[in-house]
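Listed here are the chains, written in short residue letters.
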Amino acid sequence: MKITSVETLACDAGWRNYYFAKVGTDEGVTGWSQFDEGFGSPGVGEIIRRLAPRVVGKDPARHEVIYQELFSATRPATGGVIGQALGAIENALLDARAKALGVPCSELLGGRVRDRIPLYWSHAASWRINHPDWYKPAIVDLEGVRQMGRDVKAAGFRAMKTNLFLYDEQGRPRGWAPGFARPFSPDLNVTPKLLSDLRMHLEALRDGAGPGVEILLDLNFNARTEGYLKILRALADFPLFWVEIDSFSAEALGYIHRQSPHPVSSCETLLGLREFLPYFREQAMDIAIVDTPWNGVWQSLKIAAAAEAHEVNVAPHNFYGHLSTMMNAHFAAVVPNLRIMEVDMDRLAWDDELFGGAPRIENGELVMPDAPGWGMDPNEKALRAHPPKL
């Protein structure tokens, strides 16, 4: 089997676009992957298109050889959007190879150690606050946050993750993400009001969900070491499943981790095993978050193996579309040191249409399918019906 084409497609996803790589072959087998250009990664699709001539004519079963050739050809600019393009190509090759063999991708990855993947409901309250036009019901006060907790519990989930918010004098929340220039505040300082509003927000979620649903807190890049420590101290008595902290310094994160009363997760923006290793050596976190659409699922297995050697669990980073969820699920199904998997349950009205269905989720767990490949393909007709925003 030979690769005949490498394409990219995109569609409207409400407040962002979804992006896909598509590999065609001379035997009519098509391999798919989902990637992203909206999470600080403009230009990934163009890199895929530039690299396509190096991929066409090769056997998709030799995905490691193809990856290493592409890595060598782009070595002077290793990582970043280059690394994400390589990951997107690798993931589409895995899908094509598995489909040609008539097996799920998990069979190519060593076989499942679990058939059901434990999930946490991600962006609980966050999507309904930050993107009220797309995710209903919109949250405009603390009662809406409490209802979010009730919704998570009613859906059978045992864990949910939320983010940082400030509340105005009328009690209306707004997202606080200065690490991503929302708003632009490059000092990244943590104020007493942010601490009190965060506590109030978390308590409202707890009131709604009750004690049986664990809470994860995502701080992203929205503070520096001093600010992260302030937040951790302010929440020392509040039970948290983990606190997610991003830092460009393994040493700084290790310093924070050693003082944290809660488990620490990190590394969702890292690319390649080399970038993860300093964090493992520093014992900088309890859970390494791996973005498999960015890294490529095969390369992500190498990261998970290194994490296991350092007694660290892994958790997939997953906040794109349903295909991304299935790519992450196959990774989560085979790694022995899985902690939990992220999933967004607040979805666009047309999400299922784009993929001809949705992953099967029961009582807060994803049930692995036996279909070949990732077990889900984009619907090209539906993609064309929702053209991407420029």
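Heads up: the structure comes first, above all this text.
Predicted, not measured: the structure shown is a model, and the values here were computed from it.

Caption draft 1: Here's a closer look at the side chain of Thr 74. Its place among the elements puts Thr 74 in the loop between helix 2 (63–73) and helix 3 (80–101). Here the side chain of Thr 74 touches Leu 70 through a polar contact of 2.8 Å, landing on its backbone oxygen.

Caption draft 2: How the structure looks around the pairing of strand 3 (residues 30–35). By the criterion of burial, strand 3 is predominantly enclosed, with five of the six residues buried. Here strand 2 (residues 16–25) hands over to strand 3 after four residues, with Gly 28 in that stretch at a positive phi of 80°.

Caption draft 3: Representation of the layout of surface pockets within the structure. Here the largest pocket defines a volume of roughly 590 Å³. What lines the largest pocket is a set of 29 residues, among which Trp 15, Phe 39, Trp 127, Arg 182 and Phe 319 lie closest to the centre. For the lining of the largest pocket, the elements supplying multiple residues, two or more each, are strand 2, helix 5 (126–130) and strand 8 (214–220). The class makeup of the residues in the lining of the largest pocket is nine nonpolar, 12 polar and eight charged. Size it by volume and the second largest pocket reaches roughly 430 Å³. Per element, the largest residue contribution to the lining of the second largest pocket is three residues, and it comes from helix 3. Residue composition of the lining of the second largest pocket, by class: 13 nonpolar, eight polar and three charged.

Caption draft 4: Structural view of the nonpolar core. Membership of the largest hydrophobic core comes to 100 residues, with the highest contact counts inside it found for Ile 117, Met 160 and Phe 280. Here the element with the most residues in this core is helix 13 (residues 322–334); it accounts for eight residues. Those residues in contact with Phe 280 that lie beyond four places of it in its chain are Met 285, Ala 288, Ile 303, Ala 306, Ala 307, His 310 and Val 312. In this structure, Ile 3, Tyr 19, Ala 21 and Val 55 belong to the second largest nonpolar core, which totals 23 residues.

Criteria and thresholds
Residues numbered from 1 in each chain as written. Predicted model: local features only at pLDDT ≥ 70, side-chain atom pairs only at ≥ 80, totals over all residues. Heavy atoms only, no water. Helix = DSSP H or I, 4+ residues; strand = E, 2+ residues; numbered from the N terminus. Polar contact = N/O pair within 3.5 Å; in protein donor to acceptor, adjacent residues only side chain to side chain. Buried < 20%, exposed > 50% of the residue type's maximum accessible area, 1.4 Å probe, protein only. Pairing = 2+ DSSP bridges. 1 Å grid on protein atoms, 1.4 Å probe; cavity = no way out; pocket = protein on both sides within 12 Å on 5 of 7 lines; lining within 4 Å. Points joined across faces, edges and corners; volume = space filled by probe spheres on them. Nonpolar A, V, L, I, M, F, W, Y, C, P; charged D, E, K, R; others polar. Core = buried A, V, L, I, M, F, W, Y, C linked by side-chain atoms within 4.5 Å. Contact = heavy atoms within 4.5 Å.

Shape descriptors only; they carry no functional weight alone.
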